[in-house]
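Residues per chain are reported as follows:
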Amino acid sequence: MANIRLVDLRHSYAAAPRDDGDYALKRMTIDWADGGAYALLGPSGCGKTTLLNIISGLVTPSEGKVLFDERDVTALSPEQRNIAQVFQFPVIYDTMTVYDNLAFPLRNRGVAEGAIDTRVREIAAMLDLDAMLPKRASGLPADGKQKISLGRGLVRSDVNVIMFDEPLTVIDPHLKWVLRSKLKELHQQVGATMIYVTHDQTEALTFADQVVVMHDGAVVQIGTPIDLFERPQHTFVGHFIGSPGMNLLPCTIENGMAHFDGIAIETRARPKVPAGASKFEIGVRPEFVRFADEGIPVRIAKVSDAGRFHIVESRHGDTAINLLVAEGTALPADTAHIRLDPAHTQVYADGWAVT
Amino acid sequence: MLSVFCRIAFQGSEASVGTMSIELKSVAKRVGNETHIHETDLTLNEGGFNILLGTTLAGKTTLMQIMAGLERPTEGRVFFNGKDVTGVSVQKRNVSMVYQQFINYPAMTVYENIASPLRVGRVPAPQIRDRVHRIAEILKLAPMLDRRPSQLSGGQQQRTALARALVKDADLVLLDEPLANLDYKLREELREELPRLFADRHCTVVYATTEPTEALLLGGHTATLHAGRVTQFGETAKVYRRPTDLRTAQVFSDPPINTAPLRKDRGQFILTGDVRWPAEGRYAALPDGSYTLGIRPHHITPAAPAQNAAEIDGRVLISEISGSETTVHFEVEESTWVSLSHGVHPFRVGERARLFIDTGHCFLFDREDRLVAA
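The rules behind the values
- Residues numbered from 1 in each chain as written.
- Chains lettered and ligands numbered in written order.
- Predicted model: local features only at pLDDT ≥ 70, side-chain atom pairs only at ≥ 80, totals over all residues.
- Helix = DSSP H or I, 4+ residues; strand = E, 2+ residues; numbered from the N terminus.
- Buried ≥ 20, exposed ≤ 12 C-beta atoms within 10 Å, placed from the backbone.
- Contact = placed C-beta atoms within 7 Å.
- Pairing = 2+ DSSP bridges.
- Nonpolar A, V, L, I, M, F, W, Y, C, P; charged D, E, K, R; others polar.
- Axes fitted to C-alpha atoms, helices over the stretch in contact; angles between N-to-C directions.
- Arc of directions from axis to C-beta.
- pLDDT = per-residue confidence, 0-100.
- Parallel < 35°, antiparallel > 145°, perpendicular 65-115°, else oblique.
- Left-handed = near helix turned anticlockwise from the far one by under 90°.
- Core = buried A, V, L, I, M, F, W, Y, C linked by C-beta atoms within 7 Å.
- Expected span 1.5 Å × (residues − 1).

1. Description of the overall build of chain B
Line of reasoning, step 1. Per the secondary structure count, chain B includes nine helices and 21 strands.
Line of reasoning, step 2. With the principal axes as the frame, chain B shows a C-alpha extent of 75 × 55 × 40 Å.
Line of reasoning, step 3. Burial analysis of chain B (374 residues in total) assigns 41% to the buried set.
Line of reasoning, step 4. Taking as baseline every contact in chain B between residues at least 6 positions apart, the subset at least 24 positions apart corresponds to 67%.

2. Quick word on the overall build of chain A
Line of reasoning, step 1. Secondary structure summary: chain A contains nine helices and 22 strands in total.
Line of reasoning, step 2. Considering only C-alpha atoms, chain A reaches an extent of 75 × 50 × 30 Å along its principal axes.
Line of reasoning, step 3. Residues classed as buried in chain A amount to 41% of the 355 residues present.
Line of reasoning, step 4. Taking the contacts inside chain A whose residues are at least 6 apart along the sequence as the reference set, 66% of them involve residues at least 24 apart.

3. A short note on the sheet that holds strand β21 (residues 345–349) of chain A
Residue and element names in this part refer to chain A.
Line of reasoning, step 1. The strand order β11-β15-β21-β22 describes an open sheet built from four strands, whose pairing is antiparallel. Each end of this open sheet is capped by a strand with a single partner; those strands are β11 (247–250) and β22 (352–353).
Line of reasoning, step 2. Here β11 runs beside strand β15 (residues 280–284); their pairing, made up of four bridges, is antiparallel. Note that in β15 the partner of Asn247 across the bridge is Val284.

4. Focus: the interface of chain A and chain B
Line of reasoning, step 1. With 32 residues of chain A in contact, the opposing surface of chain B contributes 28 residues.
Line of reasoning, step 2. Counting only elements with at least two residues in the side of chain A that touches chain B, the list comes to α6 (173–190), α7 (201–207), α8 (225–230) and β17 (296–305) of chain A.
Line of reasoning, step 3. By residue class, the composition of the side of chain A that touches chain B is twelve nonpolar, 13 polar and seven charged.

5. Focus on the sheet that holds strand β2 (residues 34–45) of chain B
Residues and elements named next belong to chain B.
Line of reasoning, step 1. Ordered by their spatial adjacency, four strands build an open sheet running β2-β1-β4-β5, and the pairing between neighbours is antiparallel. Of all the strands in the sheet, the pair left with one neighbour each is β2 and β5 (83–84).
Line of reasoning, step 2. Taken together, the five bridges between strand β1 (residues 21–31) and strand β4 (residues 75–80) define a ladder with antiparallel strand orientation. Along β4, the bridge assignment pairs Ala28 with Glu75.
Line of reasoning, step 3. Of the strands in this sheet, β1, β2 and β4 are in contact with helix α2 (residues 60–68), which crosses β1 at around 120 degrees.

6. Side note on helix α1 (residues 48–56) of chain A
Residues and elements named next belong to chain A.
Line of reasoning, step 1. Turning to α1, its buried residues number three or more, namely Lys48, Thr50, Leu51, Ile54 and Ile55. Projected down its long axis, α1 carries its buried residues within an arc of 160 degrees, all on one side.
Line of reasoning, step 2. Positive phi shows up at Gly57, right after α1, with a value of about 100 degrees.

7. Regarding the confidence of the model for chain B
Residues and elements named next belong to chain B.
Line of reasoning, step 1. Looking at chain B as a whole, its pLDDT mean stands at 90, while 95% of the residues score no less than 70.
Line of reasoning, step 2. Here residues 1–17 scores under 50 on pLDDT; set against residues more than four positions off or in separate chains, the count is twelve contacts.
Line of reasoning, step 3. Of the two predicted TM-score estimates for the complex, the pTM is 0.86 and the ipTM is 0.85.

8. Description of the environment of Gly48 of chain B
Residues and elements named next belong to chain B.
Line of reasoning, step 1. Turning to its location among the elements, Gly48 is positioned in the loop between β2 and β3 (49–53).
Line of reasoning, step 2. Given 18 C-beta atoms within a 10 Å radius, Gly48 is considered partly exposed.
Line of reasoning, step 3. Expressed as a C-alpha distance, the spacing of Gly48 and Gly220, which sit 172 residues apart in the sequence, is 4.8 Å.
Line of reasoning, step 4. When residues no more than four places from it in sequence are discounted, the contact partners of Gly48 are Gly219, Gly220 and His221.

9. A few points about the pairing of strand β8 (residues 194–198) of chain A
Residue and element names in this part refer to chain A.
Line of reasoning, step 1. Taken across its five residues, β8 has five buried, putting it largely inside the fold.
Line of reasoning, step 2. On β8, burial covers both faces: Met194, Tyr196 and Thr198 on one face and Ile195 and Val197 on the other are all buried.
Line of reasoning, step 3. Pairing analysis gives five bridges linking strand β3 (residues 37–41) to β8, with the strands arranged parallel. Bridge pairing in β8 places Ala37 opposite Met194.
Line of reasoning, step 4. Pairing analysis gives four bridges linking strand β7 (residues 162–165) to β8, with the strands arranged parallel. The partner of Phe164 across the bridge, within β8, is Tyr196.

10. Things to note about the packing of helix α3 (residues 110–120) of chain B against helix α5 (residues 154–167) of chain B
Residues and elements named next belong to chain B.
Line of reasoning, step 1. Between α3 and α5, the least distance of the axes is 8 Å, while the angle of their chain directions is 30 degrees. As judged from the angle between their axes, α3 and α5 are roughly parallel. In this structure, α3 meets α5 at a crossing whose hand is right-handed. For the pair α3 and α5, the contacting residues are Val110, Asn113, Ile114, Ser116, Pro117 and Leu118 in the first and Thr160, Ala163, Arg164 and Val167 in the second.
Line of reasoning, step 2. A breakdown of the residues in the contact of α3 with α5 according to their chemical character gives six nonpolar, three polar and one charged.

11. Overview of the nonpolar core
Line of reasoning, step 1. Within the largest apolar cluster, 83 residues are counted, with the highest numbers of intra-cluster contacts made by Met67, Ile114, Ala163, Leu174 and Val206 of chain B.
Line of reasoning, step 2. In contact with Val206 of chain B, not counting residues within four places along its chain, are Leu44, Asn50, Leu52, Met64, Met67, Leu174 and Leu175 of chain B.
Line of reasoning, step 3. By size, the runner-up hydrophobic cluster in this structure holds 67 residues, among which are Ile55, Leu129, Ala192 and Phe229 of chain A.

12. Quick look at the pairing of β1 of chain B
Residues and elements named next belong to chain B.
Line of reasoning, step 1. Pairing analysis gives eight bridges linking β1 to β2, with the strands arranged antiparallel. The residue of β2 that forms the bridge with Lys29 is Ile37.
Line of reasoning, step 2. Hairpin connection, β1 to β2: the antiparallel pair is bridged by two residues, and Gly32 has positive phi, about 60 degrees.

13. A closer look at the packing of helix α4 (residues 125–138) of chain B against α5 of chain B
In helix packing, the relevant descriptors are the interaxial angle and the interaxial distance, both defined with respect to the helix axes.
Residues and elements named next belong to chain B.
Line of reasoning, step 1. Packing of α4 against α5 brings their axes to within 10 Å, and their N-to-C directions diverge by 135 degrees. Judged on the interaxial angle alone, α5 and α4 are oblique. Viewed along their axes, α4 and α5 form a crossing whose handedness is right-handed. Contact residues: α4 offers Arg131, Val132, Ile135 and Ala136, while α5 offers Ala163, Leu166 and Val167.
Line of reasoning, step 2. The class makeup of the residues in the contact of α4 with α5 is six nonpolar, no polar and one charged.

14. Considerations on the environment of Pro271 of chain A
Line of reasoning, step 1. With respect to the element layout, Pro271 of chain A can be found in the loop between β14 (263–265) and β15.
Line of reasoning, step 2. Judged by the 22 C-beta atoms lying within 10 Å of it, Pro271 of chain A falls in the buried class.

15. Remarks on α5 of chain B
Residues and elements named next belong to chain B.
Line of reasoning, step 1. Relative to the 20 Å expected for 14 residues at 1.5 Å per residue, α5 spans 20 Å between its end C-alpha atoms, a close match to the ideal helical length.
Line of reasoning, step 2. Of all the 14 residues making up α5, twelve are buried; the element is thus mostly covered by neighbouring parts of the structure.
Line of reasoning, step 3. Among the residues of α5, Gly155, Gln157, Gln158, Arg159, Thr160, Ala161, Leu162, Ala163, Arg164, Ala165, Leu166 and Val167 are the ones counted as buried.
Line of reasoning, step 4. Of the surrounding elements, those touching the buried residues of α5 are β6 (95–98), α3, α4, β7 (172–176) and α6 (184–198).

Structure (structure tokens):
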């Protein structure tokens, strides 16, 4: 296992990039600690696959270095980097048994059969594949095949990093739970550095200790799931994580305090307004908005029943403000007042948190 | 013979003036020795979404293909607005279908893709232009009409497929997991838009999904499917809150509903030796005996509810924190339970955990897995 450092990395697919817009990856420096569970989260086209391919060696960055334990591997091929990868769709040999599929990466490396047997059985036990070992892989359902793919990724104990590229895409929701839990458990047992690429916030937040959020080729925040939820550093993080995402209310700053449509709003801290900032917004998640006797007057536009909670869409003028309300709570009919929890209300200047 | 024919024709024209509907009467589908769809009676009407909820291979797609006329049922009849269409091919039914994979003509522009069903239907050119532009406006495709599908994002490609399905006034629109291949946020956006798109249309909409939350948020009516059987059909929120049987409760729960054997004995429910609670209120009248308890994960929490709580101790297997919610998988005497609670509650794997069952929110099922109390 290794500590992975990306130093002053930048990448463009254009032959002669001129400005920032030509870069699929903007300049970044990231440290991935040995044994950490990381997620790389962002929408399609945000650059996460480019970043993954740079770590695995499929893409050579235009600028910067990739270091595995301080060793420069930037020029090395994927094979020379000693990594394991699990892809979106199962990559297995249909004609082989489950056992031979799991043993394959070890046999390839010339590991002794005795040691292979021990390891294959260990991994099979972790993934509940014990009973399947003598069976042909072709007969298994999609989730069974993807489990073999996961097993093949995990079977070698000498890899620097295991990378998962949207590994649960083909899995039904009720089985996703099982496999996601399994993966988390495996991380604790195996202790390998794992990088999990996904556009799915639930998968990222439940798998990773640290989540790297990407937007437009740049890293906008690296943090624990709680950081990303409670203190989004950028409006994109607030929007992308959480369902529905963070509410954004246009505001002005007067006497060091945020005002929404003339109403003073108490925030987490006094905003530190950077010089030259032009656009100010108040950000608060639907989880931290409540109905109250006084506060911002709103009318109720729509209520959606999501089972354990209701999503209430309220409006003040043209501004939509969502609330999440627990199942069984009485809801106002037409008009109401709402209050934002100050501890979870932030001010953003040109997209970046300033409280 | 003639009179029968006239009657059917009359029914058909009468129904088309009224509301749109699709009706399956004793429909079954067998392939060789396998039964893909067991005998099914189901009537879906216009107005709101009709959701088919079930896991992969539950029979959602087969059912839709029978509705579309792409597959012929081995038994039973299919009625369209009251008219028997069982043997009628898909071309002769006025149906639109959208699939999970974005299916567009790669060599055509977005405009031509959207216009294609109208050209097939020989709609006059000026009308085609109007209708394509109108639907493109609604689906935010207006700036992309000259592009080819390969130059679009996944979300835009699926919008194009949706536009093609919407541009002709189909009697029946079948949406087979249309959002499954989209990014999380795009899915949220389109899920919001979809019901609005169909709000003022005169057609029956059927929507297949594997996701309980998606079904709830789309509202309308839901048919839960399991292993080729419709287990329940009704208003979505009612099916969720009052599943008539254990299978429906399982299909309509994500994370999975907790189930365990439960005994009622002289006014008490007994889960295990020391987890017991009084059978009160609507549970009081149940006869003594054996039941299956069903309890949704969000009704097992680390903090005791204000009333009706039974403490349950277990060993933590997995703990997941999503930022706003905590999920704990824990083990009690060999059986696994899941708790989902609001807020952040740190649990360490392997430690003993105290959790509380909200005994006011229990589903109880009898020996035949039928709901007897909720």
